[in-house]
Structure formats: structure tokens, C-alpha cells
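If you want the building blocks of each chain, they are given just below.
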Number of protein chains: 2
Amino acid sequence: VDPALEPLARHHLDNLTKPRGSLGVLENLAAKVFCIQGGGTPVVDPARIYTVAGDHGVTAEGVSASPQEVTRQMVLNFLNGGAGINVLTRTYGIDLRVVDAGCAGGTFPEHPQLIQRKVAPGTANLAVGPAMSEEQCLSALLLGLDLADAAHAEGVRVIGTGEMGIGNTTPSTAMYCAYFGLEPEELAGPGTGLSPQAVERKAAVIRRALSVNAAAVDSGDPLRILAALGGYEIATLAGLILGAAKNRCLVVVDGFISTAAYAAAWKMCPAAEDYCVFSHASAEPGHGRAMQAMGATPLLHLGLRLGEGTGAAVAMGVLRGAVNIYNEMASFEQAGVSVVH
Amino acid sequence: VDPALEPLARHHLDNLTKPRGSLGVLENLAAKVFCIQGGGTPVVDPARIYTVAGDHGVTAEGVSASPQEVTRQMVLNFLNGGAGINVLTRTYGIDLRVVDAGCAGGTFPEHPQLIQRKVAPGTANLAVGPAMSEEQCLSALLLGLDLADAAHAEGVRVIGTGEMGIGNTTPSTAMYCAYFGLEPEELAGPGTGLSPQAVERKAAVIRRALSVNAAAVDSGDPLRILAALGGYEIATLAGLILGAAKNRCLVVVDGFISTAAYAAAWKMCPAAEDYCVFSHASAEPGHGRAMQAMGATPLLHLGLRLGEGTGAAVAMGVLRGAVNIYNEMASFEQAGVSVVH
């Protein structure tokens, strides 16, 4: 992102009929889109969310309140239009694509919104060894890059991240610990609804995963850590974020799991930061600590902890307002309003 | 609001395909609309914002960075569609009405969105005496009640508050001080852009206003305080909030000035609280303190300080997502998803 563009955006915003900076974060968002898109008229439509699904071998350790079969059931719910992400993408005029990057079981029935690119039918149990081989992890990363390129080729201007994968707060928490030197006990949370005792057991599983995968963790290599502790949907989203940045496309990052994907992307390529907006502060308790470790600031504080891209969808609704402000408000001169200093 | 309705709303939300409570504030908003509307399908459309304008004699004390003529210029900007509130109401599909409750000068050209019900051409200077007579204040309150009744009669389901009035952070701050025993020095802020020294002078003007109007302040009578320290747009919005509550209509309260109108309404009728959502935490520094005094929690934290109803408009966009979640998501049974406990 060219740093010379920011003052141009601010100059434009400062001439609109409002006290300087009085639209706060909306102005920042509009300026960010302007800069990412290289100047000109900032555009956020068409917008698309990729909700990427994958399963996790670590569910064998009892780390989730939900059974693994729910991942597949929810993919079918997405295709039938009944899930939270369906409602919110319809509400805010966002295109939704569902991606099978690594669900357990076989293929799904064909559907126009479904992209079937299963790398493997679920990860291995990261508490006993690496979740993925580095080759599998790279396949998922490249899938994400492909999705970003496809969106770019189809004219999409803003990409949102979403995911579905029973058990995936566990790999996400393990990744935060490995990338930022945090402790499982301070980050582990209830996910879909664990009891406090079960959260303690989950933290112990994550500690074991970090120990079993110590060679990868100690290497500090972001790709090795992602392979050892991540998941197919997480690696795909990391690739999606990198691919979107490559294409100068704004990414709206969803919650706890998407932010773990962002962490992997950011460790691989810190410039990805310039292309991302963090949609919301998750109610999953470790999210705030992880965001702090990256200096990331969330846009919304709505107590969401569903995933799927739901926070990204709401944030895209706010983003549309921000960009319309930039493009449609009258200047002081146009409106004949005395300039407010 | 019937307290028996809340468990019905929660029961419905808990059967949708998501972990219980995982859509956080969106679930709370949907439940609130359900309860306010007496059960059934919660509806937020059509939604309307009333942006009410008035002028303030206290501008003679140099309490604003903007000249008083900007109030009128901005009303014309609203009618021409070029202001922030125009852009955001268009973005979120909200009907906008502009009300002249007390602008200085004569009438405006007729316009289908404009309601001309000027009580007087601006308030008197509250630093030297009451801003309004009690009769004038009552006229403005009744105007607000009329606006609420008109919206109700036209089928409007959600009402947002907005205002325009150069100088109106000063009466708002004075009202907060009088209602909640707060000090002008801790609440006064820059408004459209005062320097720190000018904010000090503004606090001194507010202290003088409280002293000059001590009889009203000490009476504790919410109407006398509103008349002595408020403004025409503020009193109209207080009436609008009371009228909306009377009609079982949700009110989305905008920022610093709208919240002062809410404070007056709440002091007159505490049950108004059940019908209000506080759209955002204003960047005007005293807003947080005033909200705290009323136990009010803001929905969004976007650093807005423009007024006009801009924060209410963005919040209405979020509200639409919340209600659609309630109405459109599949249940566990419908979707064939294993129940998450």
C-alpha cells in the first residue's frame, strides 16, 4: 500500500460536510479501502465471504461440546440457506461460497455455492503428532490463494473469512501459543460451550500438542507451526488472506479461528496487515489476548462467538456505509456550508 | 413490556442452529424487539430517523467552533441529500425526515422530507436565563409525540433520533450536570472542534447556566430542567422517545445530544428505557460518563461525533441483521443438526 495515498484520502474526507474526523472509524475504513485499491473511487461491492470447513482429529480428546458430525451437518445447513451466515450475507448483500477444504467423510452433493477441494478428510490429532504434513498444509494454503484469485478474476472487491470445523478453537489456541509465546491456560476458552472443568482439560490437550510438536514450535517457522497445529480450513484461510493481499483486495477477518489464520499469514508476510480489517472482538476469551499480541484492533464488540464469517458479514455492512460516506457526501463547497475548522 | 415474553424469545433463539447465545448482542437485540412488539415476528421495517434541528442562543458565548448559520445550511444539505445522515439512511434503507423545531430565521422551502413545526427561531441564551419557557418546552415535547404518532400511523416499526443544532453540546452537557449531579469541567468536550482553552471557557459558561437556572436545577423537575437548559430539537426528541414508547415502538438513540434528550425522557418516565437501544459510544468525551449515570450500554464503538442520527443509522443496519437472524435461521430440527448443549 502506497503511503502517499493516505493524505489524499484524508484531504477528501476533510472537505465533506462534517467536522473533521467526526465519522471516526468510518473515515478510517474508507481511507483504508481507498489506499488498498490504489486511489480512485473506493468500492466494496461485490463482496464475498468464503466459509471454509474442515474437521479435526483432536476432537478425539473431547475438546468440543459438539460432536464432529456437526461440521458436515452445518455445511449442509449452509447449502440449504438456514445458518447464521446465510441470514447475514443475505441481509448485507454479500455473496457466500462454502468450501470443503477438509471435512471428514466423502463428497457433498453438488451445489452452486459449494467448492469441493478436500485436501484430506480431517486432520490428524495434533495432541499426538502434527495435524497435517507440510505438503498437505501447502495444498490448503494454495487452495486459499486459488480462492482469492478466483474472487479477483470475478470482480470481487472485498473478501470476508469464515469457517466451520468442530474442535477448531483448539488448533487456533495452540497456534496463538506457538506464534506468540502465550500459555494454553490463559487462552483456552469454552468454544461452543465447554464447562470450566472441560476447558482445563482442553488447555492440557493444547499443552500436550505444543510438547509433541515442540520441534515445529521451536523452529519459529510459521508454515511448520501451521502444519503441526492448524487445520485445513485455517490453512486455507491463511492462503486466502495472502492471496487477497496479493490482489490488493481488502480482507474482513472474522473471529477467533479466522484471526488464527490471519496470525499465520501475518507471520509469513507482515505486509498482509495493510489489507485486513478485524471485524469484531470475539466472546471467546483468548481472542483479546491474541489480538493484543498482534496490535490488532477489532471494529465491533458484539459478543459474537459463532464463527462462519458472521462477524465479518456484520462488519461488511458497516464498511458499505463507510465507503458510501466517502463517495456520496457533499463537500462544504458543493453544499454551501461554512467550513468547520 | 411484558416480562413473560423474554423467555419465549430466548427459547426460540436457543433452538436455532448455533451454540446458545453465540450471536451475543444480536440475540439480545432481536429479543428486545420481540418483547417490545408484544411477541410474534419481530419487524424493523419500515424504519425512520427524525433529524430535528434547532438553534441555540448560547452560541453568543462562543461555545461552538462553528457559526450558528451552519444549522440552516445543514438543514438545506439534508434536503439536498448531501449530508452524512442522507448517505447512511440510503445505505441502510431508512426513511429520513427532517424537522425544523426551532431554527433561527424564517421558514425553509417546502420539501417532501421536511416537517416545519418551528416552536421559536432558536432558544434564549441559557447562560443568562432559561433557554425556553415551560410552555415552549411543552410545545416541543408535544411536537415529538406528534412525530411518533405519525410514524406509528404510517406503519413505522423502529424510530431513530437525530439532531442538528450548532452549539447543542452545551445544553446537553448542562442537562447531564443537572440531572445527574455531574460537574461541567468533567463533562464538557470539544463538540465540532473547540481548542482545550475554549473547552474550559465552555465549561465556565455551563457552570454559569447552572447557577443562573439554579431554581429549575434544584427543583429536580425534569421538565423544568429541560426547559431551562435544553433546546427545541432536544425537547422534541425527548417527546419523540416518549411517544415511541407509548406506541410500543423501538427507539434507536443516536449520540451525545440524543442521549441528553433520552435523559429527559427517562427522568420523566423511567419505563422509556425498555424501548430504547443506545446506538453508539460518542467520541464526545462526556458521553461515557453520562451513559454510566443512566446504566446505559452503547451498541457500537466507532468514534463517531457527528450527530444527525448517523450512529443510529449504522446501528439500524446491525439491528436488521439481528432481527433477520431471529426470523430466518433454521432450527436444529429443521436443519437436521445435532443439538449443541
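Residues numbered from 1 in each chain as written. Chains lettered and ligands numbered in written order. Predicted model: local features only at pLDDT ≥ 70, side-chain atom pairs only at ≥ 80, totals over all residues. Heavy atoms only, no water.

Caption draft 1: Local environment of the sheet that holds strand E1 (residues 47-54) of chain A. Residue and element names in this part refer to chain A. Sheet architecture is open: 7 strands sit in the order E3-E2-E1-E4-E5-E6-E7, paired in parallel fashion. Where the open sheet ends on each side, the last strands, each with one partner, are strand E3 (114-116) and strand E7 (298-300). Strand-to-strand twist across the sheet, computed as the mean angle between neighbouring axes with direction ignored, equals 30°. Pairing between strand E4 (residues 158-164) and strand E5 (residues 250-253): 3 bridges, direction parallel. The partner of valine 158 across the bridge, within E5, is leucine 250. (Pairing = 2+ DSSP bridges. Helix = DSSP H or I, 4+ residues; strand = E, 2+ residues; numbered from the N terminus. Axes fitted to C-alpha atoms, helices over the stretch in contact; angles between N-to-C directions.)

Caption draft 2: Seen up close, the interface of chain A and chain B. Opposite the 54 residues of chain A that make contact, chain B presents 54 residues. In this assembly, chain A packs against chain B so that about 4000 Å² is buried in total across both faces, 62% of it on carbon and sulfur atoms. Contact with chain B buries area across many residues of chain A, yet Leu302(A), Arg305(A) and Leu306(A) alone supply 12% of it, more than any other trio. The tally of links between chain A and chain B comes to 2 salt bridges. Between Glu328(B) and Arg90(A) there is a salt bridge, with the nearest N and O atoms lying 2.9 Å from each other. Scanning the region where chain A abuts chain B turns up 22 residue pairs in polar contact (both at pLDDT 80 or more). Looking at the side of chain A that touches chain B, the elements with two or more residues in it are helix H2 (24-36), helix H3 (69-80), helix H4 (84-91), E7 and helix H14 (310-328) of chain A. It is H14(A) that provides the largest number of residues to the side of chain A that touches chain B, a total of 9 residues. (Contact = heavy atoms within 4.5 Å. Buried area = accessible area lost by both parts, 1.4 Å probe. Salt bridge = Lys/Arg side-chain N within 4 Å of Asp/Glu carboxyl O. Polar contact = N/O pair within 3.5 Å; in protein donor to acceptor, adjacent residues only side chain to side chain.)

Caption draft 3: Structural detail: the domain arrangement of chain A. Residues and elements named next belong to chain A. Its domain assignment divides chain A into domain 1 (5-41 + 327-335) and domain 2 (47-325). The centre of domain 1, based on its C-alpha atoms, is set 32 Å off from the matching centre of domain 2. Listed by partner, the interface residues are 13 residues for domain 1 and 16 residues for domain 2. For the pair domain 1 and domain 2, the number of links is 0 salt bridges. At the junction of domain 1 with domain 2, the criterion picks out 6 residue pairs in polar contact (both at pLDDT 80 or more). (Domains from an automatic or database assignment.)

Caption draft 4: Structural view of the relation of the copies chain A and chain B. The operation relating chain A to chain B is a screw motion whose rotation component is 180°, with 0.0 Å of axial translation and a residual RMSD of 0.0 Å. Taken together, the rotation and translation relating the two chain copies correspond to the operation of a two-fold axis. Same-surface contact between copies: 100% of interface residues of chain A are shared with the interface of chain B. (Least-squares fit on C-alpha atoms with pLDDT ≥ 70 in both.)

Caption draft 5: The arrangement of the pattern of salt bridges in detail. All names here are of chain B. In total, this model carries 32 salt bridges over all chains according to the counting rule given. Notably, a salt bridge pairs glutamate 6 with arginine 10, separated by 2.8 Å at the nearest N-O pair. Linking glutamate 6 with arginine 10, this pair stays in helix H1 (residues 5-14), spanning 4 residues, or about one helical turn. For glutamate 6, a relative accessible area of 32% gives the class partly exposed. Residue class for arginine 10 comes out partly exposed when judged on its relative accessible area of 25%. A salt bridge links glutamate 61 to arginine 208, with the nearest nitrogen and oxygen atoms 3.1 Å apart. (Buried < 20%, exposed > 50% of the residue type's maximum accessible area, 1.4 Å probe, protein only.)

Caption draft 6: Highlighting the environment of Ala203(A). All names here are of chain A. Looking at the element boundaries, alanine 203 is found in helix H8 (residues 196-212). Sequence separation between alanine 203 and threonine 236 is 33 residues; the distance between their C-alpha atoms is 25 Å. With residues up to four places along the chain from it excluded, the contact list for alanine 203 reads Pro184, Glu185 and Ala188.

Caption draft 7: Fine view of the state of the cysteines. Tallying each qualifying case throughout the model produces 0 disulfides over all chains. In this model Cys276(A) remains outside any disulfide bridge; the closest cysteine sulfur is found in Cys269(A), 9.9 Å from its own. (Disulfide = S-S within 2.5 Å.)

Caption draft 8: Structural view of unusual backbone geometry. All names here are of chain A. The amide bond that connects aspartate 45 to the next residue, proline 46, takes the cis arrangement and shows omega of -5°. Positionally, proline 46 belongs in the loop between H2 and E1. A positive phi angle, near 70°, is found at glutamate 308, a position not held by glycine. Using a relative accessible area of 1% as the deciding quantity, one classes glutamate 308 as buried.

Caption draft 9: Spatial organisation of the sheet that holds strand E6 (residues 276-280) of chain B. Residue and element names in this part refer to chain B. With respect to topology, 7 strands assemble into an open sheet ordered E3-E2-E1-E4-E5-E6-E7, the strand pairing being parallel. A single partner strand is all that each edge strand has here, and the edge strands are strand E3 (114-116) and strand E7 (298-300). Taking the axes of each pair of neighbouring strands and ignoring which way they run, one obtains an average angle of 30° across the sheet. Relative to strand E4 (residues 158-164), strand E1 (residues 47-54) runs parallel, the two sharing 7 bridges. Paired with valine 52 across the two strands is glutamate 163, which belongs to E4. Relative to the sheet, helix H2 (residues 24-36) contacts strand E5 (250-253), E6 and E7, its axis offset from that of E6 by approximately 145°. With respect to the sheet, helix H12 (residues 256-268) is in contact with E4, E5 and E6, its orientation differing from that of E4 by roughly 115°.

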